Amino acid sequence: MLDIKYVRDNPERVKEFSAQKGCEVDVDGLLVADAERREVAGKLDSLRTERNKIADKVKQIKGKPAPELIKKGKQLKDEIAVLETELNEIDGVFIKLLKQVPNIPHEDVPVGFSEDENVVAEVVGKPPKFDFAPKNHYELASSRGWLDKERAAKVAGARFAYIKGDMVKLQMAIVQFVIDTLTSRAKIAEIIKRFKLKNISDKPFVPVLPPLMIKTEMYDAMDRLEPREDRYKIEDAELWLQGSAEHVLGSMYAGEILEEKELPVRMLGYASSFRQEAGTYGKDMEGIIRMHQFDKLEMEGFSVGENSFGEHLLFVAVQKFLLEELKLPYRVLQKCTYDIGKPNARGVDMEVWLPAQGKYRETHTADYMTDYQSRRLKTRVKRTDGKVELVHTNDATAFALGRIMVAIIENYQTKDEKVVVPEVLRAYMGGVEEV
RNA sequence: GGAAGGGUGACCGAGUGGUUGAUGGUACCGGUCUUGAAAACCGGCGUAGCUAAAACUACCGCGAGUUCGAAUCUCGCCCCUUCCGCCA
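In this text the structure is predicted, and so the values were computed from the model without any measurement.

Across the interface, helix H8 (residues 185-194) lies against helix H11 (residues 305-325) with an axial gap of 10 Å and an inter-helix angle of 100 degrees. The orientation of H8 with respect to H11, classified from their angle, is roughly perpendicular. Here H8 contributes Lys-187, Glu-190, Ile-191, Ile-192 and Arg-194 to the contact with H11, which in turn contributes Leu-314, Ala-317, Val-318, Phe-321, Glu-324 and Glu-325. The residue makeup of the contact of H8 with H11, split by class, is six nonpolar, no polar and five charged.

Attention now goes to the pairing of strand E10 (residues 293-303). Extensive coverage of E10 is indicated by the burial of ten of its eleven residues. Direction of pairing for strand E9 (residues 265-274) relative to E10: antiparallel, over a ladder of ten bridges. Following the sheet pairing, Arg-266 is matched in E10 by Gly-301. Pairing between E10 and strand E16 (residues 392-400): eight bridges, direction antiparallel. Residue pairing in the sheet places Leu-297 in a bridge with Phe-399 of E16.

Running from N to C, helix H7 (residues 166-182) and helix H13 (residues 401-411) point in directions that differ by 110 degrees, and their axes come no closer than 11 Å. Classified by the angle between their axes, H7 and H13 sit roughly perpendicular to one another. Like other packed secondary-structure pairs, H7 and H13 cross with a definite hand, here right-handed. On H13, the residues touching Met-167, Leu-170, Gln-171, Ile-174 and Val-175 of H7 are Leu-401, Ile-404, Met-405, Ile-408 and Ile-409. The residue makeup of the contact of H7 with H13, split by class, is nine nonpolar, one polar and no charged.

Parameters at a glance
Residues numbered from 1 in each chain as written. Chains lettered and ligands numbered in written order. Predicted model: local features only at pLDDT ≥ 70, side-chain atom pairs only at ≥ 80, totals over all residues. Heavy atoms only, no water. Axes fitted to C-alpha atoms, helices over the stretch in contact; angles between N-to-C directions. Helix = DSSP H or I, 4+ residues; strand = E, 2+ residues; numbered from the N terminus. Parallel < 35°, antiparallel > 145°, perpendicular 65-115°, else oblique. Contact = heavy atoms within 4.5 Å. Nonpolar A, V, L, I, M, F, W, Y, C, P; charged D, E, K, R; others polar. Buried < 20%, exposed > 50% of the residue type's maximum accessible area, 1.4 Å probe, protein only. Pairing = 2+ DSSP bridges. Left-handed = near helix turned anticlockwise from the far one by under 90°.

See below:
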């Protein structure tokens, strides 16, 4: 949620970037509701002052009741009740409208009105050349006995899979590799140096296994509940299956005031994520590119405001580093206003080359949220000077395991349907060079 | 799932209807003392709304109710602890 003060002071700018982000926002209606809300709240405050004074007088008169004061007090109570109801209603409208306002785009976000206007910022590595026709991951993995979608369909339905054998070992190897990398101060320092980042702490990430379910209230505060059709609701409970570890990690410190010395908080979550994939009917049906359930390593961070952009850049650098360690060809997209998402101030995607499709496909995303999420979560920091501020949040994919294995299988395949294990993973797979 | 107890400020912990926004302690910040530090002593120290500011208002897990007046009483919900049951 955005600060209402910003909307009050910059209504035209809010209208402008809301349109650029494709968000429908009733700024004028919001400002009217805001004014009404403040007016009623002011009246309510005066009535409460009066009530408190009367209560005070009654208290001071010892023993004897004061009928006229009691009567006045009762009358005030009724008036207050009426105004409270009124304020609740206005507040409901106000919050609903304010929630529609998206985050302010960071200054370097390109303005665009469709995902085609995302900007390719960088292309790293070269697509591999094959002296045979490369297979797609699904053909290859199925013939090797690594994937069984038919039985998964029988048991759970479409967009589920049994992943088996060496592919499971590969996933575990990637997970261990990433955990080892991101929990090492030396590695973080190396990443900072390689990507020439300035004034960034080399604090390592803390690995986290989070809950996979999240309360409605928290999901909404994260601004990730909508569109609900894409979420899985747990029947008979105010709970949902999380769609990303971001949802359960980002809400972890809700309502708390952190000490500045605890920041930055950097977490590496490992969790299964669940998505209904509403509106993607028929898309990516082959293989495991788009599933209802997939495992993901996700970075989540909390920092003070002036460091949050640096944290965002670090998260992006980590993404690049990990892809480069796996020697996968990829490109970096700087997303335009339309595509970054409502709570984002900035967004970057990584796309990895998939030889069988002959194109780059999205595997990573990095979200720079500033204080948009923390405002509703009420996650704050007490600065060393004693001031309390909202923290800034960042999240970014380390690896979506399904998609990254698709990329490895396709890019590292051999003519005889084997897959060369990326060098950095071999130590985690008993030293084998090929599976 | 059943039973009992409990949720108060960064932390511990008083407080059972009226100068309690909340005793006290710890931590933290400033000062005195000291060569320096520690100790001791003095002072400061919740969040948010509306404000130029003061005043005022709200907040003692969340929500509703009783009352002139609620951290304190009633009801519902959430969470935690312990015991029992079940279980990877």
